[in-house]
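Secondary and tertiary structure notes
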Amino acid sequence: MNEKINGLKQEVEQKLKNVSTMKELNEVKTFYLGKKGPISALSSMMKDLSVEEKREFGSALNKLKQEVNLMMEEVRIRLEEEELNRRLEKEKIDVTLPSTGVHFGSVHPLTQIIDEIEELFVSMGYDVVEGPEVETDLYNFEKLNLPKGHPARDAQDSFYITEELLLRTQTSPVQARTMDANTEKTPIRVICPGKVYRRDDDDATHSHQFTQIEGLVIDKDISLADLKGTLEVFARKVFGEDREIRLRPSFFPFTEPSLEVDVSCMKCGGKGCSVCKGTGWIEILGSGMVHPNVLRACGYDPEKYTGFAFGIGPERVAMLKYGISDIRAFYTNDKRFLEDFNRVKGSEE
Ligand code: DAH
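Within any chain, residue numbers begin from 1 and follow the written order of that chain's sequence. Only residues with pLDDT of at least 70 get local features here, since the model is predicted, and only at 80 or more are side-chain atom pairs given and counted; chain-wide, interface and lining totals rely on the full set of residues. For the side-chain quantities, the full set of heavy atoms in the structure was used; hydrogens and water were omitted.

Concerning the overall build of the chain
Basically, it comes down to this: A run of H or I in DSSP becomes a helix once it reaches four residues, and a run of E becomes a strand once it reaches two; helices and strands are each numbered from the N terminus. Classification of residues uses two cut-offs on accessible area relative to the type maximum, computed with a 1.4 Å probe and protein chains only: under 20% is buried, over 50% is exposed, and between them is partly exposed. Working rule for contacts: check all heavy atoms of both residues, and any pair within 4.5 Å makes them a contact.
Counting its regular elements, the chain contains 12 helices and 10 strands. Taken along the three principal axes of its C-alpha coordinates, the chain extends 135 × 50 × 35 Å. Residues classed as buried in the chain amount to 39% of the 349 residues present. Nonlocal contacts in the chain, meaning residues at least 24 apart in sequence, comprise 67% of its contacts between residues at least 6 apart.

With respect to the sheet that holds strand S5 (residues 188-197)
What counts, and what does not: When DSSP finds two or more bridges between a pair of strands, those strands are recorded as paired. Fitting a line to C-alpha atoms yields each axis, with helices limited to the stretch in contact; the angle taken between N-to-C directions then spans 0 to 180 degrees.
Overall, mixed pairing links the 7 strands, which are arranged S1-S5-S6-S10-S9-S8-S7 in an open sheet. Each edge of the sheet is formed by a strand with only one pairing partner; in this case those strands are strand S1 (127-128) and strand S7 (245-250). By the bridge criterion, 7 bridges tie strand S6 (residues 209-219) to strand S10 (residues 306-312) in an arrangement that is antiparallel. Opposite Leu216, over in S10, you have Ala309 as the bridge partner. Seen against the sheet, helix H5 (residues 109-123) touches S1, S5, S6 and S10 and runs at an angle of roughly 170° to S5. On top of the sheet, helix H7 (residues 173-181) reaches S5, S6, strand S9 (281-290) and S10; it is set at about 35° to S6, its chief contact.

Thoughts on the site of the ligand
Rule in force here: Being near a molecule or strand, for a residue, comes down to having at least one heavy atom within 4 Å of it. Polar contacts, as used here, are pairs of N or O atoms within 3.5 Å; protein pairs need one atom able to donate a hydrogen and one able to accept it. Residues neighboring in sequence count only if both atoms are side-chain atoms. The Shrake-Rupley method, run with a 1.4 Å probe, gives the accessible areas here. Residue values count only the displayed protein chains as cover. Think of a 1 Å grid over the protein atoms and nothing else: a 1.4 Å probe that fits but is trapped marks a cavity, an open set flanked by protein within 12 Å on at least five of seven lines marks a pocket, and residues with an atom within 4 Å of a point count as lining. A molecule is said to be in a cavity or pocket once over half of its atoms fall within 2 Å of that pocket's grid points. We call Asp, Glu, Lys and Arg charged. Ala, Val, Leu, Ile, Met, Phe, Trp, Tyr, Cys and Pro are nonpolar, and the rest, Gly among them, are polar.
Around the ligand, a shell composed of 16 residues is seen, among which Gln170, Ser172, Arg198, Gln212 and Glu214 lie nearest. Glu214 places a polar side-chain atom, nitrogen or oxygen, 2.5 Å from an oxygen atom of the ligand. Taking 350 Å² as the accessible area of the ligand by itself, protein coverage stands at 91%. More than half of the atoms of the ligand fall within 2 Å of the grid points belonging to the largest pocket. Within the shell around the ligand, the residues separate by chemical class into 4 nonpolar, 10 polar and 2 charged.

Topic: a negative patch on the surface
Counted only if it meets this: For patches, a residue must show more than 30% relative accessible area and have no salt bridge; joins then use 9 Å for like charges and 5 Å for nonpolar side chains, namely Val, Leu, Ile, Met, Phe, Trp and Tyr. We count a salt bridge whenever a side-chain nitrogen from Lys or Arg sits within 4 Å of a carboxyl oxygen from Asp or Glu. When charges are tallied, Lys and Arg are placed among the positive residues and Asp and Glu among the negative ones, while His and the ends of the chain are skipped. Here the site of a charge means NZ on Lys, CZ on Arg, CG on Asp, or CD on Glu.
On the surface, Asp154, Asp157, Asp200, Asp201, Asp202 and Asp203 cluster together to form a negatively charged patch. Residue position: Asp203 is located in the loop between S5 and S6. Relative accessible area serves as the criterion here: at 32%, Asp203 is assigned to the partly exposed category.

Details of the packing of aromatic side chains
Selection rule: Each pair of aromatic rings taken from Phe, Tyr and Trp, with Trp reduced to its six-membered ring, is defined by centres within 6.5 Å and is described as stacked if the planes are under 30 degrees apart, edge-to-face if over 60, and tilted in the remaining cases. Put simply, a charge is over a ring when the Lys NZ or the Arg CZ is close to the ring centre, within 6 Å, and near the line of the ring normal, within 35 degrees.
Scanning all chains against the criterion turns up 11 aromatic pairs. Measuring from ring centre to ring centre gives 6.5 Å for Phe330 and Tyr331, while their planes differ by 70°; the resulting arrangement is edge-to-face. Using a relative accessible area of 28% as the deciding quantity, one classes Tyr331 as partly exposed. Within the aromatic cluster, the residues linked to one another by ring pairs are Phe121, Tyr126, Phe234, Phe308 and Phe310. A cation sits over an aromatic face here: Arg177 above Tyr139, 4.3 Å from the ring centre.

A short note on the pairing of S6
On a regular strand, each side chain points to the face opposite its neighbour's, so the side chains alternate between the two faces of the sheet. For S6, the tally of buried residues reaches 9 of 11 residues, placing the bulk of the element in the interior. Of the strand pairs in this sheet, S5 and S6 are connected by 10 bridges, and their pairing is antiparallel. Bridging from a neighbouring strand, Val196 pairs with Phe210 of S6.

Description of the layout of surface pockets
Filter applied, for reference: Grid points are joined across faces, edges and corners, and a volume is the space filled by probe spheres set on the points.
Computed from the structure, the largest pocket encloses a volume of approximately 1,400 Å³. In this structure, the largest pocket is lined by 50 residues; those nearest its centre are Phe210, Glu283, Ile284, Gly313 and Arg316. Put simply, the parts of the chain that give the lining of the largest pocket at least two residues each are S6, strand S8 (255-264), S9, S10 and helix H10 (314-322). Counting residues per element, the lining of the largest pocket draws most heavily on S9, which supplies 7 residues. Here the residues of the lining of the largest pocket sort into 22 nonpolar, 17 polar and 11 charged.

Below you can see the structure in the form of structure tokens.
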């Protein structure tokens, strides 16, 4: 009997050596430990033995079952390990490979400039207001002292939608809207950022769509000195503390007097260079004292109230500040250009 048990043990050992998959292991297991298997057959022979022999053979048989189970368990662990190693080998990650890179979005340079200017004016007590991009002829022109047929309309070639509706050519209509909407006719201090549209052939300095920030202050006793002081603060905040500004007479239908504002060159400090074309000054915006006709058209009494207005071009500010030479760069979505203005990336470097 013992020989049979030993023989069976060796047989199982031998079989297990050749097992290389879980499927094969299960087959061996089912065969040897199953009801119709050789171990089961040996136990059925017990009935013919004496009590003494039964005890001895029974315990040897139990031992065999335990050993066979143990051997099979060992093979199962070996197979699992092999499988794990195979997968680790196959799915291994080479941490030395270059990464694909994580791309962060960034705030558009124009938005950064607009944010910066908004912040400055809000700190001086201004409100930020908006107006519609599809505007009426009334607000875009007429209320701003540009009646139909006025030659100054030619300077702002427009996208008309109907006779009376157009894409606004400037943010100045928001001045008129703000004055009109203020039914109490109380003082006003606002800036109005937004997109404007003009029929233009796009090139390095012209775009059919661009942005403006309108400024408007209406109060009693507002003078040109207030305008100059305000724009000086603006120029120094945006272009540097050493900047000076210069006012030159100009013409806009909605202001009287009208002024063109120059800032001392941020590149050469005023000595003269290629950026300022040797003059030491760079034109940055248009402004003036609100025309009495505009005040009247929007319900304000020009005898009681005066005001100033200005129109900033954020593209021009950004181009001067960052040395951008082509206005189209703001609108062509070239990621390389936009990434140069990535504040997150910039702060890491
Ligand atoms: N709206 C003018 C333009 O688009 C800019 C401008 C000039 C706005 C003078 C003003 C101003 O408020 O006072 O050319």
